[in-house]
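# A look at the structure
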Amino acid sequence: MTTTIFATHHYNYPQNFIEMKPKITRLEQAIKKLETNLINADAEILEQRLASHLGLQVDYASELNANQLLAATTIEGKVLVIAGAGSGKTKTLTYRTSYLIENGVSPKEILLLTFTRKAANEIKNRARTLLTSRLLDNNPIDGKALNDITSGTFHSFCNMLLRQYSGLLGINPRFTILDTGDSEDAIDLTHKEKKYPTKITNQAFPRKKTLQNIFSTSRNRRIPIRHLIESSYPDIAVHIPVIEQLAIDFHEYKRANHLYDFDDIISQVVRHLKRNDTFRQLLQNQYRYIMVDEYQDTNIPQKELIDLMCAPASVSLMVVGDDNQSIYAFRGANYENILLFGESYPEAKLIKLEQNYRSTPAVLDYINALSAQITLGYQKQLYSDVSMEGIKPVFRRLSDESKEAKYIADKILESKSDYDYQDFAVLCRTSFQSNYVQLEFMERNIPFIVVGGIRFIERRHIKDVLAFVKILYNPNDTIAWHRILTLFKGVGSVTATRLTQAINADNNSFAPLITTKFTKKSTQLEPLYKMLSKASQAESVEAIIELILDFYMPVLKINEDNWRERSEDFRVLKNLASEHDSLDSFLENLALDPPNDSVATAGVPEQGEESIDKNRDKVTISTIHSAKGLEWSVVFVNSLVDGMTPHYRSLSDFEELEEERKLFYVACSRAKARLFLTAPDYFSSYSGYFDKVSRFVAEVPADTITVLTVKQPIDESDDPVWW
DNA sequence: AACCCGAGGTTTTTT
DNA sequence: ACCTCGGGTT
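Residues numbered from 1 in each chain as written. Chains lettered and ligands numbered in written order. Predicted model: local features only at pLDDT ≥ 70, side-chain atom pairs only at ≥ 80, totals over all residues. Heavy atoms only, no water.

UniProt marks Ala83, Gly84, Ala85, Gly86, Ser87, Gly88, Lys89 and Thr90 with the feature "binding site: ATP" (unreviewed entry), using the numbering shown here. With respect to the secondary-structure elements, Thr90 resides in helix H5 (residues 89-102). The class for Thr90 is partly exposed, based on a relative accessible area of 26%. With sequence-adjacent residues up to four places away left out, Thr90 is seen in contact with Glu122, Ile123 and Arg126. (UniProt positions renumbered as here; feature names shortened; annotations may be inferred. Helix = DSSP H or I, 4+ residues; strand = E, 2+ residues; numbered from the N terminus. Buried < 20%, exposed > 50% of the residue type's maximum accessible area, 1.4 Å probe, protein only. Contact = heavy atoms within 4.5 Å.)

Set out below in structure tokens:
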């Protein structure tokens, strides 16, 4: 029995653990079975692989470790690669890509699906460098050919398919994409149009946000709406029949107006793959080598997509992931996909990458201890061959959140001689947990950048401007019309709907805007008409944005008192526009690969050209979710109170709690050299009062971590005893 | 039909 | 402490 830090604490285990037992057993069996297909880089295999490398440009054997080499050179059949944190996953995919090409695979046959487009481009570019930098005398490989590799996120790939094969699929290629907020609006509009009751026996109808959530979860996790509501939203059960009907109406509404939400983009492709044999065979013949990154975060439709494309034995599939890092169930990801891979592909091979190149042994010991607490998963133990042990992670409790922030700032300034600002990151469970940290950093003049939280694309004024662009691209986009028209005083929901209908009925001409019936509602409609007419003739995306802004700025000034601040964002928007030469690529990029950093930065003011390096040197403040895949020398994780991390909403559900545990694992495994964990004494909100240290900190063996107690002379006099 | 105001429920994470 | 929704008012 190992000693844990807070042995006296008692945490209630989720009640549904018993019900979960059969499912857990099934998953365990699938894991066990696939474990028997594990291949290891033994001497014989390696020798075989090395022999086949004669004549290749890249020296795979000396640049990869044994199992990386195995993964990079196993190019036929179905393979699952379990890639632990910091095990060189991107490197392996890069070398595999290069290996495929050196073995005569055409770049056009390669499909690379990753979590972000950035990751896809990185792999492509690194593979290019790899292949072309070795270019000696007669290198037959053209670096440009790598552009023919199809790569991107599931969403961008499916979006491309829908547009490119629109003829074959019988759909309109000029559709617009609804983000989550737009979907909510569309649900609301459908609801109002159909005039469904908003109350039954005094029970209010759920909000649009809740509805969007229900619809999306129902589709991504394949749970009928009725069951989902009965199990997760029991208090709105009286509304089930209406909600079910609304789901159908909502879907028809989207189809009628050429609107696709995030879920449609994937699901519609899956639907076509199932029904359209020509389409399916086309893709199966085209993409012969498929690689999927972050497989643990795929949802059911995404898994189905892969399964359909990979049905022929001749299609090679390698999925890469880490079951310890599945943290997206809330948006429908299904952690079972990776655990049940052996069920879908009984012949699949399993390869594990367990050598860690990121963290010191001291940090690794800790994250291995965290990993041991995760109930389900493939056997794994990260190891390092670095001999310097490093410093153990530190846990410190402080009286409140501002003291926590102070402590973090102190530590950063203390170790500033060893590191740059950009070597630090503060990782938070929720974005608002960074508020105190931001304040403290501003006061102490520590430059920082905030990642996660309210994003660029979701700001009201940005969405407004994009609505104009969307209309120019798809005049059927009723959601965008509605958004624009209700900006004007005198035009409300009813007029907007009527006007939108008139436009659509008039073959999408803008003419109804200048009929007297509507112009008397607002003087803005005529200028709008002129602007749209002009913009539809404009030469470039940038010119269109300029025209829209000329029109929109006065409106913004009337509607928002902080218009000056908001209009700063338009420079970013104009820059983005200048990078695109067509409306579809511009809109697609913003919808599916939006700029991630919030513009919120502080500290070092801009000082012109030379200070670019200085502007990069900032501490990162990020949500844990947005930190996935990244690493820093020094990592802080705050708010480690049970109820904040794990979040109180997940305490009663076994699977949700497991995901929180994995989230903490992701956070800690970002650290290269130092890991600081902090917790305030308590946290209270309308949902309760929480004062126990996070169970994730409490449950690991005490010798893996240094716990600072009251005895430590850190500038806090009123540090209470907390265990 | 639009707008204003007050009440009540709300807050995790994001392609 | 915040935003969304509903109801009453203009």
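That shown, we press on.
Time to look at helix H10 (residues 208-220). The end-to-end C-alpha distance of H10 is 18 Å, a good match for the 18 Å that 13 residues give at a rise of 1.5 Å each. Along H10, the residues that are buried comprise Leu211, Gln212, Ile214, Phe215, Ser216, Thr217, Ser218 and Asn220. For H10, the elements touching its buried residues are helix H9 (180-194), helix H11 (225-232), helix H12 (240-256), helix H13 (262-275) and helix H15 (300-309). At the C-terminal side of H10, Arg222 shows a positive phi close to 55°. (Expected span 1.5 Å × (residues − 1).)

Under the UniProt annotation, "coiled-coil region" (unreviewed entry) lies at residues 24-51. The annotated region residues 24-51 carries 75% helix and 0% strand content, and the separation between its end C-alpha atoms amounts to 43 Å.

Further remarks concern helix H2 (residues 43-51). Residues separated by three or four positions in an α-helix point in the same direction, a consequence of the helix having 3.6 residues per turn. Residues Ile45, Leu46 and Arg49 constitute the buried set of H2. Each buried residue of H2 sits inside an arc of 95° when the element is viewed along its axis, so together they form one side. Those residues of H2 that are exposed and aimed more than 90 degrees away from the buried face are Ala43, Glu44, Glu47 and Gln48. Buried-residue contacts for H2 involve helix H4 (66-73). (Arc of directions from axis to C-beta.)

A word on the pairing of strand E16 (residues 632-637). Counting buried positions along E16 gives 6 out of 6 residues, so the element sits mostly inside the fold. Inspection of the sheet shows strand E12 (residues 424-428) paired to E16 by 4 bridges, in the parallel sense. Residue Leu427 lies in a different strand from E16, and its bridge partner there is Val637. Bridge analysis of E16 against strand E17 (residues 671-680) gives 5 bridges, and the strand direction is parallel. In the strand pairing of E17, Val635 is matched with Leu675. (Pairing = 2+ DSSP bridges.)

Moving on, we come to the nonpolar core. Among the nonpolar cores identified, the biggest contains 52 residues, and Leu80, Ile290, Val292, Met309, Leu317 and Phe341 are the most heavily contacted of them. Per-element accounting of this core gives the leading share, 6 residues, to helix H1 (residues 17-35). Contact partners of Ile290, with chain neighbours within four places excluded, come to Leu111, Met309, Cys310, Val315, Ser316, Leu317 and Met318. (Core = buried A, V, L, I, M, F, W, Y, C linked by side-chain atoms within 4.5 Å.)

Attention shifts here to the protein's contact with DNA strand B. The environment of DNA strand B is made up of 27 residues, and the closest members are Arg429, Ser431, Arg455, Thr495 and Arg498. Here a base oxygen of DNA strand B and a side-chain polar atom of Thr180 are 3.1 Å apart. Taking Arg498, its side chain carries an N or O atom lying 2.4 Å from a phosphate oxygen of DNA strand B. At the level of secondary structure, the elements contributing two or more residues to the surface near DNA strand B comprise helix H23 (493-505) and helix H31 (624-627). In terms of residues, the surface near DNA strand B owes the most to one element, H23, which gives 4 residues. (Near = heavy atom within 4 Å. Polar contact = N/O pair within 3.5 Å; in protein donor to acceptor, adjacent residues only side chain to side chain.)

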